[in-house]
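Chains, contacts and geometry: an overview
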Amino acid sequence: MADTFSLQRVLETFRSSLSEKKEVYIKYYIAGWQELVAFMNSLGNVFSFISKDVVSKIQILENFLSGENGSHYVTIQSMVKYELENELVDLTKRGSHPESGCRTLLRLHRALRWLELFLERLRTSTEDSKTSVMCSDAYNESLAQHHPWLIRKAVGVAFCAIPGRDTFFDVMHVVALLGESLPLIAEVYQITEDLYAKNNLLELP
Ligand code: 1PW
């Protein structure tokens, strides 16, 4: 089970991802996801297929960031502008740019909403609430709508194996951190959501 510091680091990296102008630095956004992956891995093997997909998405974005056009990938805002202006995004069906930065980040963005909803449920839960139920309720309300049946099934199985609420609270001391993390994660999420909505990118294939 992950320790308190990893949730602390998630909080810190997402905090670093916001610039003064409220742009989102991709470097820290993916660093935040790396922390979440470490956390998922500590929950056991059943989460490895979930974390594998996240890891490969992080890798795609890292490659853009360290590649020759890396300067365009500093923030989500600059990435969206650059990829759209240079027609590097498959807008309606998969074609010559199946792994654009925009569509890759959109997958992580949708997953971030799931995390936000789950943490919010955890924060407001009572002693007899079940983490597996909170997890799947949050999932059904968000990410599930974008997943085919087979993935939904597999994700459901993983959720059954999630540690109980007591473990979350006792081992991670999340209560205090949750109040701080949530508005921050929600803000990063909302900025990305508005940007994608403005550019009609929310349904990228
Ligand atoms: C306990 C804290 C963990 C928070 C992380 C939550 C991450 C949930 C990601 C679910 C991934 C399920 C398996 C992968 C499915 C992909 O098909 C899907 N990827 C995502 C991130 O939704 C869509 O990507 P694709 O197939 O369009 O490249």
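Look up: the structure comes first, before these words.
An account of the accompanying structure is given in this report. (Residues numbered from 1 in each chain as written. Predicted model: local features only at pLDDT ≥ 70, side-chain atom pairs only at ≥ 80, totals over all residues. Heavy atoms only, no water.)

**Quick look at the side chain of S51**
The residue S51 is located in helix 3 (residues 48–66) in this model. Within polar-contact distance, the side chain of S51 engages the side chain of N41 at 2.8 Å. Leave out the neighbours within four places in its chain, and S51 touches V37, M40 and N41. (Helix = DSSP H or I, 4+ residues; strand = E, 2+ residues; numbered from the N terminus. Polar contact = N/O pair within 3.5 Å; in protein donor to acceptor, adjacent residues only side chain to side chain. Contact = heavy atoms within 4.5 Å.)

**Section: the site of the ligand**
Close to the ligand lie 15 residues, the nearest being D53, K57, R103, R107 and H147. Within the side chain of D53, a nitrogen or oxygen atom sits 2.7 Å from a nitrogen atom of the ligand. A distance of 3.1 Å is found between an oxygen atom of the ligand and a side-chain nitrogen or oxygen belonging to R107. Protein contacts shield 86% of the accessible area of the ligand, which totals 700 Å² for the unbound molecule. Taken together, the elements giving at least two residues each to the shell around the ligand come down to helix 2 (26–42), helix 3 and helix 5 (101–123). The biggest single contributor to the shell around the ligand is helix 5, with five residues. For the shell around the ligand, the per-class residue count stands at 10 nonpolar, one polar and four charged. (Near = heavy atom within 4 Å. Areas by Shrake-Rupley, 256 points an atom, 1.4 Å probe, with all protein chains shown as cover. Nonpolar A, V, L, I, M, F, W, Y, C, P; charged D, E, K, R; others polar.)

**Focus: the pattern of salt bridges**
Evaluation of the coordinates by the stated rule reveals eight salt bridges. Salt-bridge contacts for R113 lead to E116; the nearest nitrogen and oxygen are separated by 3.2 Å. Of the two residues, R113 and E116 both sit in helix 5, three residues apart, roughly one turn of that helix. Note on E116: relative accessible area 12%, which makes it buried. (Salt bridge = Lys/Arg side-chain N within 4 Å of Asp/Glu carboxyl O. Buried < 20%, exposed > 50% of the residue type's maximum accessible area, 1.4 Å probe, protein only.)

**Some details on helix 2**
For the α-helix, the turn length of 3.6 residues means that residues three or four positions removed from each other point alike. Counted at 1.5 Å a residue, the expected span for helix 2 with its 17 residues is 24 Å, and the 24 Å between its end C-alpha atoms agrees. Within the sequence span of helix 2, burial applies to I26, Y29, I30, A31, G32, W33, E35, L36, V37, F39 and M40. Once helix 2 finishes, G44 follows within two positions and takes phi at roughly 115°, a positive value. (Expected span 1.5 Å × (residues − 1).)

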